[in-house]
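Now for the letters of each chain:
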Amino acid sequence: MIRWNQTRPTRLSGLIGLSLVACALGSALKAQSASLELGVGVSSVHEGRNVPALRATYVDDWSYSLHSSGARTSVYAQNAWALSAHRRLLQGEIGWFKFDLGVGAGAALIDRRYRRSTTSAIETQTEGVVGPSASLRWSVGPVVLGFDALFGLQPSLQHLALNYQDVTHVTLGVRW
């Protein structure tokens with residue numbers, strides 16, 4: 001029997017480490033006009049499965065987001081990471097909601113490991129996505145609802161047939 005991730009840290013330890021880094025950065029940014037967001041949600045990178053995702057975003061005139069998500073069963077595992085940069089295009093208020101719209105570029109790395117059955121060998125597939133992206137965040141006080149989309153083009157001629165990859169993330173978090 002093959003055990004997965006014996007030498008890799010658990011997903012929980014990675015989330016705790018990212019949370020501690022985010023808190024330290026948030027404290028350092030408090031004196032500046034920039035802010036830091038940390039949220040949890042779901043990602044479309046897992047083909048419709050509701051898999052927990054984590055988002056950390058540094059927000060100023062430009063915003064930089066890092067998304068991470070993953071799932072594992074006895075025959076399947078998938079991890080995905082996305083990084084994007086957005087220039088603030090529009091910012092304002094609608095009632096008591098504040099919104100922030102940005103456009104830019106992003107990249108994602110998707111790592112899949114699967115077996116045809118519980119006794120077969122592990123097969124791997126790694127995929128990269130690069131392309132334009134957009135970000136929309138609504139906030140009420142420190143609570144932020146974020147929508148991030150990456151419109152990745154395939155590296156081959158498939159994009160001529162309008163066959164492209166979209167990676168979207170929906171997260172709910174806090175800003176400080």
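To be clear, the structure that these remarks concern was listed above.
Quick notes on the rules
Residues numbered from 1 in each chain as written. Predicted model: local features only at pLDDT ≥ 70, side-chain atom pairs only at ≥ 80, totals over all residues. Heavy atoms only, no water. Helix = DSSP H or I, 4+ residues; strand = E, 2+ residues; numbered from the N terminus. Buried < 20%, exposed > 50% of the residue type's maximum accessible area, 1.4 Å probe, protein only. Contact = heavy atoms within 4.5 Å. Areas by Shrake-Rupley, 256 points an atom, 1.4 Å probe, with all protein chains shown as cover. Pairing = 2+ DSSP bridges. Phe/Tyr/Trp six-rings, centres within 6.5 Å; stacked < 30°, edge-to-face > 60°.

Trainee: What should I look at first to understand the overall build of the protein chain in this one?
Mentor: Secondary structure summary: the protein chain contains one helix and eight strands in total. Walking the protein chain from its N terminus toward its C terminus, one meets helices and strands in the order α-β-β-β-β-β-β-β-β. Looking at the protein chain residue by residue over its 176 residues, the buried ones come to 36%. Contacts in the protein chain between residues far apart in sequence, at least 24 positions, make up 50% of those at least 6 positions apart. Summing over all exposed atoms, the protein chain offers an accessible surface of approximately 10400 Å²; the carbon and sulfur share of this is 64%.

Trainee: Would you explain the pairing of strand 6 (residues 123-140) in this entry?
Mentor: Walk down a regular strand and you will see the side chains alternate between the two sheet faces. Summarising the sheet, strand 5 (residues 97-114) and strand 6 pair through 17 bridges and their orientation is antiparallel. The residue of strand 6 that forms the bridge with Ile110 is Glu127. Pairing geometry for strand 6 and strand 7 (residues 143-152), over eight bridges, is antiparallel. Counterpart to Ala134 in the pairing with strand 7 is Ala149.

Trainee: Even after reading the chapter, I still don't get the environment of Trp62, so can you show me in this structure?
Mentor: Relative to the helices and strands, Trp62 resides in strand 3 (residues 62-72). A relative accessible area of 38% means that Trp62 is categorised as partly exposed. Between the C-alpha atom of Trp62 and that of Ala85, which follows or precedes it by 23 residues, the distance is 6.9 Å.

Trainee: Explain the side chain of Ser63 here, please?
Mentor: Within the secondary structure layout, Ser63 lies in strand 3. Since its relative accessible area comes to 4%, Ser63 is described here as buried. If we ignore the near neighbours within four places in the chain, the residues touching Ser63 are Thr57, Tyr58, Ser84, Ala85, His86 and Arg137.

Trainee: It is not clear to me how the packing of aromatic side chains should be interpreted in this structure. Could you clarify?
Mentor: How two aromatic rings sit relative to each other is given by the distance of their centres and the angle of their planes. Per the stated rule, a full pass over the model turns up three aromatic pairs. For the pair Trp138 and Phe147, a centre-to-centre distance of 5.6 Å together with 85° between the ring planes defines the contact as edge-to-face. Accessibility expressed as a relative area gives 35% for Trp138, which makes it partly exposed. The class of Phe147 is partly exposed, set by a relative accessible area of 30%.

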